Amino acid sequence: MLRVDKASVFFSARDGRIVHALDRVSLDVPDRAFVVALGASGCGKSTLLNAMAGFLPLSSGSIALNGVEVTGPGADRGVVFQKDTLLPWKTIAENVALGLKFAGARRTERLERAHELLRLVGLQDFAAAAPYELSGGMRQRVGIARALATDPAILLMDEPFGALDSLTREQMQELLVDVWNRTGKRIFFITHSIEEALFLGTHLVVMSPRPGRIVARYDLDFVNAFAARRDARAVKGAPAFGALRDDIRDIVHETQVLRSAAQ
Amino acid sequence: MTNVVATPAPAEHAGQSAPRLVKMRRFGVGEASTLPISLMSGAVILAIWWIVADLRLVPHLFLPTPGEAATAAVSVFQDGYANATLFEHVGASLLRIFTAAAIAIVLGIPIGLLMGLNKWAKGVFDTPIEFYWPLPPLAYLPLMIIWLGIGETSKITLLALAMFAPIVLSAQAGVRSVSQERVNAALSLGATGFQLLGEIVLPSALPEILTGIRISLGVGWGTLVAAELIAATRGIGYLIMSASQFLATDVVFVGIGIIAACAFAFTFAMRLLEAWLVPWKGQN
């Protein structure tokens, strides 16, 4: 279980003003859960993820993974970034195996595990390719495989499909559901797409900006419905899906309007 | 209702002449090859030289014909000049620049990386480097000779100093070019400080470092020849200097040709090294 307890973050902006980026956010990511944080830009969702990853210390509150407080980055939390951060001087397999190299694993062992993970994301034929030879969607798949290599307790995904075209994006969502089902990892996933959030999450938190806080929480089941019947169109076309999408759109819209009126 | 529009058969070009290939209009010279124009330009310059020299438009003492320069090249190659063979002259110059380059690289890369990573290192080294780097090296050559004597030590120290600064500055810029996301990614994969340095920072900075080495070879070569003109008993600069004292203009031309050939070889070797070490450069 990853537990975020009353996490607050204050930044100082470039002009010296103090920005309240995260306001007493509490959140649990239980075993096997797929938690999605949804919100417009500036709502603090990336701040929250950076704090979970240990890139950013909290102003107050705490984050603990399986009872151990998070004090910095570590291999027990795999991160998938929006921009791919693959190393261009390494092959795809070496990129995937990077975390194992840091952990001191032997080369044969590393590459064996890398090939296994590349099979999981459907890129077994590209092990020897260079990152710049792959498309954006393929590179994000490598990013997922790389984050899984060290067998982390949780995957933190920061708008990983945000830069992809919408067709690739749908394929990647389905692939991620497969990966999640096969590995049983907890996932914390950030997006600003309502449809993506509803389709992927077992738990959904809606966030609003200035200060960043959680304004609504939902438990969802669409992802399991998809996993059972593998029909994305039926899941997204269901009346319940559409109704919830409209509700959430209203919430996001209202909080935006209220905040800007208060400014 | 479906609206599928019939597409013409792809074989429409078959039997006709090849299709007209088009490209986006672009500004500037871009990638267009200038090789034929460049070769022509070189030929014209050579022809002008030949005509001016052959017609004695300037005194023959000042300007030999290209043919005479070539003859001198053969004679210098066979018999040597100024108490040494051509290989001894070139070898002396190359030994100096490569020794100095090795010193500058071995010291410059770690110090530059450190300056990019650590506030104290940057503060401490910035002051002396920013002070001496803009100075023309020949301005402190007399000081080197007074302190270290007329031998190899003073020349190699001078060169190492001249070549050190571009390498340090490029290594530092290389560290600055490492993206925070890349560092964060490595940290979240469990990298220690040393692993971060070896696996992420150094390779990321490598393209900039190689550019720095290329610049420093250019600076060093220029400085070396100038230093040899002033204080040496062997080397390409010395060869030119002694030839000029006897007004052997044809040998001066030979020396200049050798200097240009070496500089060209350095640039070419560095390009090969870059293609081998950083094939990903410009790909992202």
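Residues numbered from 1 in each chain as written. Chains lettered and ligands numbered in written order. Predicted model: local features only at pLDDT ≥ 70, side-chain atom pairs only at ≥ 80, totals over all residues. Heavy atoms only, no water.

**Student:** Which residues make up the nonpolar core, and what values do they have?
**Tutor:** Ranked by internal contacts, the top residues of the largest apolar core, which has 64 residues, are B:Ile97, B:Leu113, B:Ile129, B:Met163, B:Phe164, B:Trp221 and B:Ile258. It is helix 8 (residues 193-230) of chain B that contributes the most residues to this core, 12 residues altogether. Excluding anything up to four places from it in sequence, B:Met163 contacts B:Ile97, B:Ala100, B:Ala101, B:Ala104, B:Ser216, B:Leu217 and B:Gly220. Counting 58 residues, the second largest nonpolar core, distinct from the first, contains A:Leu86, A:Leu118, A:Leu155 and A:Phe189. (Core = buried A, V, L, I, M, F, W, Y, C linked by side-chain atoms within 4.5 Å. Buried < 20%, exposed > 50% of the residue type's maximum accessible area, 1.4 Å probe, protein only. Helix = DSSP H or I, 4+ residues; strand = E, 2+ residues; numbered from the N terminus. Contact = heavy atoms within 4.5 Å.)

**Student:** Describe in detail the pairing of strand 1 (residues 2-12) of chain A, supporting the description with residues and values.
**Tutor:** Residues and elements named next belong to chain A. Relative to strand 2 (residues 18-29), strand 1 runs antiparallel, the two sharing eight bridges. By the bridge assignment for strand 2, Ala 7 is matched with Val 25. In textbook terms, the turn of a hairpin is the stretch between consecutive antiparallel strands, and for strand 1 and strand 2 this stretch comprises five residues, one of which, Gly 16, has a positive phi near 95°. (Pairing = 2+ DSSP bridges.)

**Student:** Before we move on, could you go through the interface of chain A and chain B and cite the residues and values that matter?
**Tutor:** With 21 residues of chain A in contact, the opposing surface of chain B contributes 19 residues. Between chain A and chain B, roughly 1900 Å² of surface is buried when both sides are summed, and carbon and sulfur atoms account for 67% of that area. When the buried surface of chain A facing chain B is broken down by residue, A:Trp89, A:Phe102 and A:Tyr132 rank first, second and third, together holding 40% of it. The tally of links from chain A across to chain B stands at three salt bridges. Taking the shortest distance from any N to any O, the salt bridge between A:Lys101 and B:Glu199 comes out at 3.0 Å. Taken together, the links from chain A to chain B amount to three residue pairs in polar contact (both at pLDDT 80 or more). Those elements that place two or more of their residues in the side of chain A that touches chain B are strand 6 (77-80) and helix 3 (98-102) of chain A. It is helix 3 of chain A that contributes the most residues to the side of chain A that touches chain B, four residues altogether. For the side of chain A that touches chain B, the class distribution of residues is 12 nonpolar, four polar and five charged. (Buried area = accessible area lost by both parts, 1.4 Å probe. Salt bridge = Lys/Arg side-chain N within 4 Å of Asp/Glu carboxyl O. Polar contact = N/O pair within 3.5 Å; in protein donor to acceptor, adjacent residues only side chain to side chain. Nonpolar A, V, L, I, M, F, W, Y, C, P; charged D, E, K, R; others polar.)

**Student:** Give me the sheet that holds strand 10 (residues 213-219) of chain A: which residues, what numbers.
**Tutor:** Residues and elements named next belong to chain A. Read across the sheet, six strands follow the order 6-7-8-3-9-10 without closing on themselves; strand pairing throughout is mixed. Sheet topology places strand 6 and strand 10 at the edges, where each strand pairs with a single neighbour. On average, each strand axis in the sheet is inclined to that of its neighbour by 20°, with strand direction left out of account. The pairing of strand 6 with strand 7 (residues 154-158) spans four bridges and is classified as parallel. Bridge pairing in strand 7 places Val 80 opposite Met 157. Strands in contact with helix 1 (residues 45-53) are strand 3 (34-38), strand 6, strand 7, strand 8 (186-191) and strand 9 (203-208); relative to strand 8, the strand with the most contacts, it is inclined by about 150°. Against the sheet, helix 6 (residues 166-183) engages strand 3, strand 7 and strand 8, with an angle of about 160° to strand 8. (Axes fitted to C-alpha atoms, helices over the stretch in contact; angles between N-to-C directions.)

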